[in-house]
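Structure at a glance
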Amino acid sequence: MSDGKMNAIAPMLTPQGRLLLHPDEESPAIPENLSSRLEAAFARGHGHGLLQLGAGEVTTELPPVFGYWREFGARYVTAICTLPDLPDLEDWRILAVPRLPVLELESIAAAAPPMTGAEYLTSDVLQGLWDALDAAFRVEVAESKASVQDFLKEKNPAWNLVGRVHFNLAENRRDDAAPFAFLATYTTRLSAGAKAQHLPLARALGEYAGSANKQRLLSLLLPVQRAAEQCAWLKTIVDTGEIYHPLRWTPAEAFQLLSDLPRLEACGVIVRVPGGWRANRPPRPRVTAAVGGAKPAGIGQDALLDFRMEVTLDGEDGPLTDTEVAQLLSGSTGLHLIRGRWVEVDRDKLGDMLDRFRKIQSAALDNGLSFAEAARLLAGADGDGAATAGEAAEWSRITAGPWLARTLEGLRRPEALAAIDPGSELKAVLRPYQQTGLRWLHLLSSLGLGACLADDMGLGKTMQVLALLLVLRRSSKQGKDGAARRSSLLVAPASVLANWQAEIEHFAPGLKTLVAHPSAMPARELKEIGADALANVDVVLTTYGTLLRLPGLLKIPFQLAIVDEAQAIKNPGARQTRAAKQIDAKARIALTGTPVENRLGDLWSIFDFINPGLLGSAKEFGRFTKRLATRERNPYGPLRELLRPYILRRLKTDKTVISDLPDKTEVKAYCHLTRKQAALYQEAVDELERELDRKDEGIQRRGLILAFLMRFKQICNHPSQWLGDGDWSESGSGKLSRLRDIAEVAAARQEKMLVFTQFRETTNPLASFLGTVFGRSGLILHGETPVKQRRAMVERFQQDDDSPFFVISLKAGGFGLNLTAASHVVHFDRWWNPAVENQATDRAFRIGQTKNVLVHKFLCRGTIEEKIDALLDSKKQLSQDLLEGGGELQITEMKDDELLKLVALDLHAAAGEDRD
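Definitions and cut-offs
Residues numbered from 1 in each chain as written. Predicted model: local features only at pLDDT ≥ 70, side-chain atom pairs only at ≥ 80, totals over all residues. Heavy atoms only, no water. Pairing = 2+ DSSP bridges. Helix = DSSP H or I, 4+ residues; strand = E, 2+ residues; numbered from the N terminus. Buried < 20%, exposed > 50% of the residue type's maximum accessible area, 1.4 Å probe, protein only. Salt bridge = Lys/Arg side-chain N within 4 Å of Asp/Glu carboxyl O. Axes fitted to C-alpha atoms, helices over the stretch in contact; angles between N-to-C directions. Contact = heavy atoms within 4.5 Å. Nonpolar A, V, L, I, M, F, W, Y, C, P; charged D, E, K, R; others polar. Parallel < 35°, antiparallel > 145°, perpendicular 65-115°, else oblique. Left-handed = near helix turned anticlockwise from the far one by under 90°. Polar contact = N/O pair within 3.5 Å; in protein donor to acceptor, adjacent residues only side chain to side chain. Expected span 1.5 Å × (residues − 1). Phe/Tyr/Trp six-rings, centres within 6.5 Å; stacked < 30°, edge-to-face > 60°.

On to the pairing of strand 3 (residues 19–23), then. Here strand 2 (residues 9–13) pairs with strand 3 via five bridges, running antiparallel. Within strand 3, the position partnered with Pro 11 by the bridge is Leu 21.

For the rest of this paragraph, the subject is unusual backbone geometry. Here Glu 565, not a glycine, exhibits a phi torsion of approximately 50 degrees, which is positive. Position of Glu 565 among the secondary structure elements: in the loop between strand 21 (558–563) and helix 22 (575–580). Glu 565 gets classed as buried once you look at its relative accessible area, which sits at 13%. Although it is not a glycine, Gln 750 sits at a positive phi angle of roughly 60 degrees.

Turning next to the pattern of salt bridges. Two side chains bearing opposite charge may form a pair once their charged atoms approach each other closely. Evaluated as defined, the whole model comprises 45 salt bridges. One salt bridge connects Arg 18 with Asp 801, and the closest N-O pair in it is separated by 2.8 Å. Taken together, the positions of Arg 18 in the loop between strand 2 and strand 3 and Asp 801 in the loop between helix 31 (787–799) and strand 27 (805–809) put the pair 783 residues apart, joining distant regions of the chain. Taking relative accessible area as the criterion, Arg 18 reaches 30% and is therefore assigned partly exposed. By relative accessible area, which is 26% here, Asp 801 ends up partly exposed. The partner of Asp 608 in a salt bridge is Lys 581, with the nearest N and O atoms 3.1 Å apart. Here Asp 608 is found in helix 23 (residues 600–610), whereas its partner Lys 581 is found in the loop between helix 22 and strand 22 (585–591), with 27 residues between them in sequence. Assigned by exposure class, Asp 608 and Lys 581 land together as buried. Linked through salt bridges whose partners overlap, the residues forming this network are Glu 119, Asp 456, Arg 649, Arg 749 and Glu 751.

Looking now at the packing of helix 1 (residues 32–43) against helix 2 (residues 46–56). Geometrically, a packed helix pair is captured by the angle between its two axes and the distance between the axes. The interhelical angle for the contact between helix 1 and helix 2, taken along N-to-C directions, is 145 degrees, at an axis separation of 6 Å. Two secondary-structure elements touch here, helix 1 through Arg 37, Leu 38, Ala 41 and Phe 42 and helix 2 through His 46, His 48, Gly 49, Leu 50, Gln 52 and Leu 53. Within the contact of helix 1 with helix 2, the residues separate by chemical class into five nonpolar, four polar and one charged.

Below, the discussion takes up the sheet that holds strand 28 (residues 822–827). Spatially, 24-29-28-25-27-26 is the arrangement adopted by the six strands of the open sheet, whose pairing is parallel. For this open sheet the edge positions go to strand 24 (664–671) and strand 26 (779–781), each flanked by a neighbour on one side alone. Pairwise comparison of adjacent strand axes, ignoring direction, gives a mean angle of 20 degrees for this sheet. Pairing of strand 28 with strand 29 (residues 853–860) involves four bridges; the strand directions are parallel. In the strand pairing of strand 29, Val 826 is matched with His 856. Against the sheet, helix 33 (residues 834–841) contacts strand 24, strand 25 (752–757), strand 28 and strand 29, and its axis sits at roughly 155 degrees relative to strand 28.

With that settled, the discussion passes to the sheet that holds strand 16 (residues 396–400). Ordered in space as 12-10-16, the three strands form an open sheet in which the pairing is mixed. Both edges of this open sheet fall to strand 12 (307–313) and strand 16, since each of them pairs with a single strand only. Strand-to-strand twist of the sheet, defined as the mean angle between neighbouring strand axes without regard to direction, takes the value 25 degrees. Pairing analysis gives five bridges linking strand 10 (residues 285–291) to strand 16, with the strands arranged parallel. Opposite Thr 288, over in strand 16, you have Arg 397 as the bridge partner. Where helix 14 (residues 371–379) meets the sheet, its contacts fall on strand 10, strand 12 and strand 16, and the angle it forms with strand 16 comes to roughly 130 degrees.

Judged by how many residues are buried, strand 18 (residues 488–492) sits mostly within the fold: five of five residues are covered. Side chains of strand 18 alternate between two faces, with Ser 488, Leu 490 and Ala 492 and Leu 489 and Val 491 buried alike. Summarising the sheet, strand 18 and strand 20 (residues 539–543) pair through five bridges and their orientation is parallel. Counterpart to Val 491 in the pairing with strand 20 is Thr 542.

Let's shift gears to the packing of helix 29 (residues 734–748) against helix 30 (residues 760–774). One way to put it is that helix 29 packs onto helix 30 with a least axis distance of 9 Å and a crossing angle of 45 degrees. Classed by the angle they form, the pair helix 29 and helix 30 counts as oblique. Here helix 29 and helix 30 pass one another in a crossing that is right-handed. In this structure, helix 29 uses Leu 736, Leu 739, Arg 740, Ala 743, Glu 744, Ala 746 and Ala 747 to contact helix 30, whose residues at the interface are Leu 766, Phe 769, Leu 770, Thr 772, Val 773 and Phe 774. Here the contact of helix 29 with helix 30 is built from residues that sort into ten nonpolar, one polar and two charged.

The next thing to look at is the side chain of Thr 407. Here Thr 407 is to be found in helix 16 (residues 402–412). With relative accessibility at 9%, the residue Thr 407 sits in the buried group. Looking at Thr 407, its side chain comes within polar contact range of the main-chain oxygen of Trp 403, at 3.0 Å. The residues touching Thr 407, leaving out its near neighbours within four places in the chain, are Leu 443 and Leu 447.

Let us now look at the side chain of Ser 720. Note that Ser 720 resides in helix 28 (residues 719–723). From its side chain, Ser 720 meets the backbone nitrogen of Trp 728 in a polar contact 3.0 Å long. The contact partners of Ser 720, leaving out residues within four places of it in the chain, are Asp 725, Gly 726, Asp 727 and Trp 728.

Another point: helix 27 (residues 699–717). Between its terminal C-alpha atoms helix 27 stretches 27 Å, which fits the 27 Å expected from 19 residues at 1.5 Å a residue. Of all the positions in helix 27, only Arg 701, Leu 704, Ile 705, Phe 708, Leu 709, Arg 711, Phe 712, Lys 713, Gln 714, Ile 715, Cys 716 and Asn 717 are classed as buried.

Taken as a whole and assessed by the stated rule, the structure comprises 19 aromatic pairs. Ring centres 5.7 Å apart and planes at 70 degrees place the aromatic pair Tyr 76 and Phe 137 in the edge-to-face group. A residue pair is termed long-range when its members are at least 10 positions apart, and Tyr 76 in helix 3 (residues 64–81) and Phe 137 in helix 5 (residues 123–144) qualify at 61 residues. Here Tyr 76 falls in the buried class, since its relative accessible area comes to 0%. On the numbers, 6.5 Å between centres and 50 degrees between planes, the contact of Phe 621 with Phe 624 is tilted. Here the residue Phe 621 and the residue Phe 624 both occupy positions in helix 24 (residues 618–629), the gap between them amounting to three residues, near one helical turn.

Note that all results are geometric; they support no functional claim without further evidence.
This is the structure:
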């Protein structure tokens, strides 16, 4: 019984494949006494935690995520229980528990419910957890100093290990009055052929005769006694002693056993049925239907598909006739002989399925079936039917017709689609997985369906979208779609807008863009943007904040609506989410590097943008997922099946998908300047120009320039670093906004991050800011950190899952540290010396690193940071370390006009909004 106190905790799978418990306010709370048991078990290791769930909590009411892991743990305990020689096993150390087949492990992984770390769940990870379970089991049995049987009984009396009683049902075609036979047997040992040896249950009375064996006999019969308490027919044959003799049974008596099969098995009785029956059941008539046989009229969610139904019988070539169906429905529920075979019929359920399918078919004939309705039907996620999806699957089956099957196959296996060439206008060669992503995006957009490209950060989502835009641009020029040319709209946070501009300029300069943002055009022109103004524009770039202020954009018909950093629309009640969902577009694409499948609410909001109606309303989706949670087997299978065609997610760690990805990927993270930063920067430029006029050549001039270079760097980092006012608010710096974008993705993926800065005074504010993003504190290392503490800090970062980031001053941490636990390296400000930066990066990218490392180099656009970076790139072939050995001193030797040109502010490129 609960003591009334509840704790909100949930399992979390780490990137290393460890299963942990963590506080999670969004998860259903569990009783404190239950959480205490689980926390104590998991504290010993995830194998002990899984053993507690699988062996000790088999009768406990649990939330779906805990239920999923309990089922996995129970599989291990069941594997022990079904070892044929277990009752006679004296030495538990020779216990040999077989591993699960790979296909079964993959099936278990595919059925995982939403949870933190679900994206890391693979058959290999499950195998590791299975091995951890096995190790924990052996440790705990040794500690208990008891037999395996007594140990599991102590965990939960429901585990019955002594002997195995079998109820055997067979057909007897020679007896028309009683066409079935029943016999109870038991297994006592293995035969020479390593098969379970079955003996009539009556033999047990003799084998276990005598007071010495009385306990073994009682243990053997205990499952039968438990089952008899729940099944009246069984109690009768036990009380009369008929259980020990072969029995002639009528179809009604045989059906009674089949109806109680779950109760019998739950009590520990094994039921064996005729060999031709699948999954211990006789064949059933099923209402079957095919949807989407022919190519539909229209595209997108409004495409209208056909629907055809019939009643079939497993193993029969043709459908049942109307006469045969009527015959089944006119009889009683039970076993019926039809076409020479015994079949199981539940008249009410079969009738309900017929009525339901006939209504769908009638509606499809009148108005057609929408793509969303067809997708829900195929996934078993349609309307109230989802409440009994498992039950409905026993009496009905819906399959995709030829056209829909080909389409879904292309969406689920895009690597098999024909290659698409974006042409020479794409100034890059797509990697194989990026070409796959392009095919998938092109197929969905051509069908008018939405897509969620959820590749890991650093895998080139931007490149795949640019390639798609080039393909669509070429198609529209050639008139392939037969419709008027439309622009596409891309919405992104203000912090990444500069990145999109830079990527387009570099990789797809032929795309004509319009930046609908105050930094790029006057407010009056912004408000006047209409469809006519976009006649020659391929893509409109804007921000979420601007979208709110320009309702006119929502009235323009676009080809594609693309939202970057789609976690920005995960809150369905937010104004920017509501605005994004009003965009008029033929197809929609959401881009995100965070796993979308871990939070049901986030999942619904993103899908309500890309494919409105597929998941119903928020309330309908909530009811649907609650019903799913009550399903015993594979509860979230229908939801995953429904969403699978529309989500493409590749991980950096998956070498089978991405075999050619370099271990270190460097990306430039362009940042805007806030208004305050821009004003301070321009003020510094003006002051430098005045001071240069007053200074003579020599050391005094060099000192002046060095001081101003430092000032420019400080302003680009944050106004407070230059002003010394201690504010350090996120709204004051474009770099902090960009850092949040990257850190949020890393936090969602449970990846660790190194952040380098050359300024000691920046380390604490950065650590405080990152602590709010990760929800946990990190580590700080700078020149004043005692040497004795450094080793302990490194060990903590390397081994402790609760240390998600490390902020390091470049000089203090640029060498001598092994920090291979990090997957991300951020250079918050640039040293302007590639050798020094590479040395810092190599704290993570070094021998012992098993993960891909993503290096983010922050640059403020329109400032000296961007210009020196361009200079470094242009001179790379001449000198890998252009500025090595005193790059800033080289800058001091520039002529005044060259220097002022280098530091001048390009306001058009640099400007951004304080908050979007």
